[in-house]
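# Overview (structure and organization)
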Amino acid sequence: MVIGTENTNIQKHLSNYKQIIDNHLEELLKNNSDFQEVDILLNAIKYSSLNGGKRLRSSLCLSTFETLSNINPVNCPDCLTVASVIEIIHAMTLIHDDLPCMDNDDLRRGKPSCHKAFGEANALLAGDAMLTLANNLIIDNCKNLSDSQKLKIISELSKTFTYYIIPGQILDLEFEGKDSNLKDIEKIYRLKTAELIKSSILCGALLYFDIPQKNNLVENDLIYSLSIFGRKIGTGFQIIDDILDITSDTKTLGKTAGKDINQKKSTYPSIIGSEKSKEIAQKLISEAKDELKKYFSNNSSLYLIADFIINRIN
Ligand code: GRG
């Protein structure tokens, strides 16, 4: 189901993906004895994974797979598992990001953040468990993927934690309270936010490349272009996030608004203003879409998701 009509409602499309992902996540995280009856651990994992969220990263994974294969991901349980795992990883980064030693936020997705609900040590440990759980879910649940495919997906995601998200977070914390320039900030945005968005897209492509006989694109060129697309929309996403931090309110965002100013964080809007920042985000989205033009016609939902990033309100 590559979506096609000009009137397509991306909100509806994303809410379809969200529903599918929420259901699949619920199934993956259903009660089991593997957690040794330490209920608080699974409860903290569920609390943080099943508590809403736009499901942007998993939708990008499914949209990439769907665009390439023309297969409805509902008919591909392994795709749903990989997309759900990406949400578990994302939720894990949010748990750690909210901790007092990091961004220190009491609110996430409109509810007390994990450490407020379960205590700091349990939140830290739930986050740790989610990172390794992510690998196990792919290994144990993706019945139709080859071992090499699983390895490629796990490797793609693991490299993103180690070489991008964590260094990005370290720089983000290091720059707090210090003046920085757009070049530094762009690097932080790319590392802490854009690279996971890029990896979500690449996982969708890696799922497609497992389908025998269907691979009619030059894999390396396509992966390169998808990476550029992902980094650009991911950077645009973070710029919009920082604009919303200034222009929106806590209720709409579901997290504490105005934190960047309070924490003396340099952001695009704090340096060049919200309007100019939005123009830059818009340019990034437009360049990202151009990067895919040689592969996909205008009716790919990837373009619509890219546009949604600019127009989102939370
Ligand atoms: C060990 C992999 C690992 C990470 C820990 C804490 C940390 C290092 C990194 C923080 C990364 C981070 C949270 C970046 C911010 C990205 C961002 C703007 C998140 C909000 O994403 P949305 O709006 O959230 O998609 P929802 O709630 O809709 O899912």
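In this text, all values refer to a predicted model and were calculated from it rather than measured experimentally. As a convention, each chain's residues are numbered from 1 in the sequence order in which they are written. Per-residue local features of the predicted model are confined to residues with pLDDT of at least 70, and side-chain atom pairs are confined, for both listing and counting, to 80 or more; whole-chain, interface and lining totals are unaffected and use all residues. The basis for every side-chain value is the complete set of heavy atoms in the structure, and neither hydrogens nor water enter the calculation.

## Quick look at the packing of aromatic side chains
Aromatic pairs are defined between Phe, Tyr and Trp rings, using the six-membered ring for Trp, whenever the two ring centres lie within 6.5 Å; interplanar angles under 30 degrees are classed as stacked, those over 60 as edge-to-face, and all others as tilted. On inspection of all chains with the given rule, the structure shows four aromatic pairs. Where Tyr-47 meets Phe-118, the ring centres are 5.2 Å apart and the plane angle is 75°; that geometry is what we call edge-to-face. A residue pair is termed long-range when its members are at least 10 positions apart, and Tyr-47 in helix α2 (residues 39-49) and Phe-118 in helix α5 (residues 114-118) qualify at 71 residues. Accessibility here uses a 1.4 Å probe with only protein chains present; expressed as a share of the type maximum, an area under 20% marks a residue as buried, one over 50% as exposed, and anything in between as partly exposed. The exposure class of Tyr-47 is buried, given its relative accessible area of 18%. Counting from the N terminus, the helices are DSSP H or I runs at least four residues long and the strands are E runs at least two residues long.

## Notes on the site of the ligand
The rule for a residue being near a molecule or strand is that one of its heavy atoms must lie within 4 Å of it. The immediate surroundings of the ligand are formed by 21 residues, with Lys-54, Arg-57, His-90, Arg-109 and Gln-169 found nearest. At 2.7 Å from an oxygen atom of the ligand is found a side-chain nitrogen or oxygen belonging to Arg-57. Think of a polar contact as two N or O atoms within 3.5 Å of one another; within protein, one of them needs to be a possible hydrogen donor and the other a possible acceptor, and neighboring residues in sequence only count if both atoms come from side chains. Between the ligand and His-90, the relevant distance is 2.8 Å, taken from an oxygen atom to a side-chain nitrogen or oxygen of the residue. Each accessible area is a Shrake-Rupley result for a 1.4 Å probe, and residues are judged covered by the shown protein chains and nothing else. Notes on the ligand: free accessible area 750 Å², of which the protein chains cover 93%. For the shell around the ligand, the elements supplying multiple residues, two or more each, are α4 (77-98), α7 (147-174), α8 (182-208) and α9 (219-247). Looking at the shell around the ligand element by element, the count peaks at six residues for α4.

## Focus on empty space enclosed by the protein
Empty space left among the atoms is revealed by rolling a probe the size of a water molecule over them. Residues are called lining when one of their atoms sits within 4 Å of a cavity or pocket point, these points coming from a 1 Å grid over the protein atoms alone, where a cavity is a set in which a 1.4 Å probe fits but cannot get out and a pocket is an open set with protein on both sides within 12 Å along at least five of seven lines. Grid points are joined across faces, edges and corners, and a volume is the space filled by probe spheres set on the points. Enumeration according to the criterion identifies one cavity of 30 Å³ or more in this entry. What the largest cavity holds in volume is close to 80 Å³. Lining the largest cavity are Tyr-47, Ser-48, Asn-51, Ala-91, Leu-94, Ile-95, Asp-98, Arg-108, Lys-111, Pro-112, Ser-113 and Cys-114. At the level of elements, α2, α4 and β2 (111-112) are the ones that each hand at least two residues to the lining of the largest cavity. Ranked by the residues each element gives to the lining of the largest cavity, the list is headed by α4, at four residues. Per-class residue counts for the lining of the largest cavity are six nonpolar, three polar and three charged. In this classification, the charged set is Asp, Glu, Lys and Arg, the nonpolar set is Ala, Val, Leu, Ile, Met, Phe, Trp, Tyr, Cys and Pro, and all remaining amino acids, among them Gly, are polar.

## Some remarks on the packing of α4 against α7
Interaxial distance between α4 and α7 falls to 12 Å at its minimum, and their mutual angle equals 20°. If you check the angle between α4 and α7, you find them roughly parallel. Here the hand of the crossing between α4 and α7 comes out right-handed. On α7, the residues touching Val-82, Ile-86, Ile-89, Thr-93 and Asp-97 of α4 are Ile-153, Leu-157, Phe-161, Ile-165 and Gln-169. Residue classes in the contact of α4 with α7 are distributed as seven nonpolar, two polar and one charged. Only the stretch in contact is used when fitting a helix axis, every axis being a line fitted to C-alpha atoms; angles between N-to-C directions are given from 0 to 180 degrees. To sort the angles, those under 35 degrees are grouped as roughly parallel, those over 145 as roughly antiparallel, those from 65 to 115 as roughly perpendicular, and the leftovers as oblique. Throughout, a crossing is termed right-handed when the near helix is turned clockwise from the far one, and left-handed when it is turned anticlockwise from it by less than a right angle. By the convention used here, residues are in contact when the closest approach between their heavy atoms is within 4.5 Å.

## Side note on the pattern of salt bridges
By salt bridge we mean one thing: a side-chain nitrogen of Lys or Arg within 4 Å of a carboxyl oxygen of Asp or Glu. For the structure shown, the criterion picks out 21 salt bridges. Measuring nitrogen to oxygen at the nearest pair gives 3.4 Å for the salt bridge that ties Asp-172 to Lys-192. Of this pair, Asp-172 sits in helix α7 while Lys-192 sits in helix α8; the two residues are 20 residues apart in sequence, bridging distant segments of the chain. Judged by its relative accessible area of 7%, Asp-172 is buried.

## Overview of unusual backbone geometry
Positive phi values are uncommon outside glycine, yet Glu-37 reaches one of about 60°. When you line up the elements, Glu-37 lands in the loop between α1 (10-28) and α2. Even without glycine at this site, Asn-70 takes up a positive phi of about 60°. Mapped onto the fold, Asn-70 is located in the loop between α3 (56-69) and α4. Here Asn-70 falls in the exposed class, since its relative accessible area comes to 54%.

## Quick word on the packing of α1 against helix α14 (residues 301-311)
Across the interface, α1 lies against α14 with an axial gap of 10 Å and an inter-helix angle of 105°. With respect to α14, the axis of α1 lies roughly perpendicular. Between α1 and α14, the contacting residues are Ile-10, Gln-11, His-13, Leu-14 and Tyr-17 on the first element and Ser-301, Leu-304, Ile-305 and Phe-308 on the second. Taken together, the residues that form the contact of α1 with α14 break down as six nonpolar, three polar and no charged.

## As for the confidence of the model for the chain
Close inspection of predicted coordinates is inappropriate in any region flagged by low pLDDT. Confidence of the prediction at every residue is given by pLDDT, a number between 0 and 100. Mean pLDDT over the chain stands at 92; residues scoring 70 or higher make up 94%. In the predicted structure, residues 1-7 sits below a pLDDT of 50 and forms 17 contacts with residues beyond four places in sequence or in another chain.

## Notes on the state of the cysteines
Any pair of cysteine sulfurs within 2.5 Å is marked as a disulfide. Tallied over the full model, the rule gives one disulfide. With its sulfur 2.4 Å from that of its partner, Cys-76 forms a disulfide with Cys-79. As the torsion about the S-S bond is roughly 70°, the Cys-76-Cys-79 disulfide counts as right-handed. The class for Cys-76 is buried, based on a relative accessible area of 15%.

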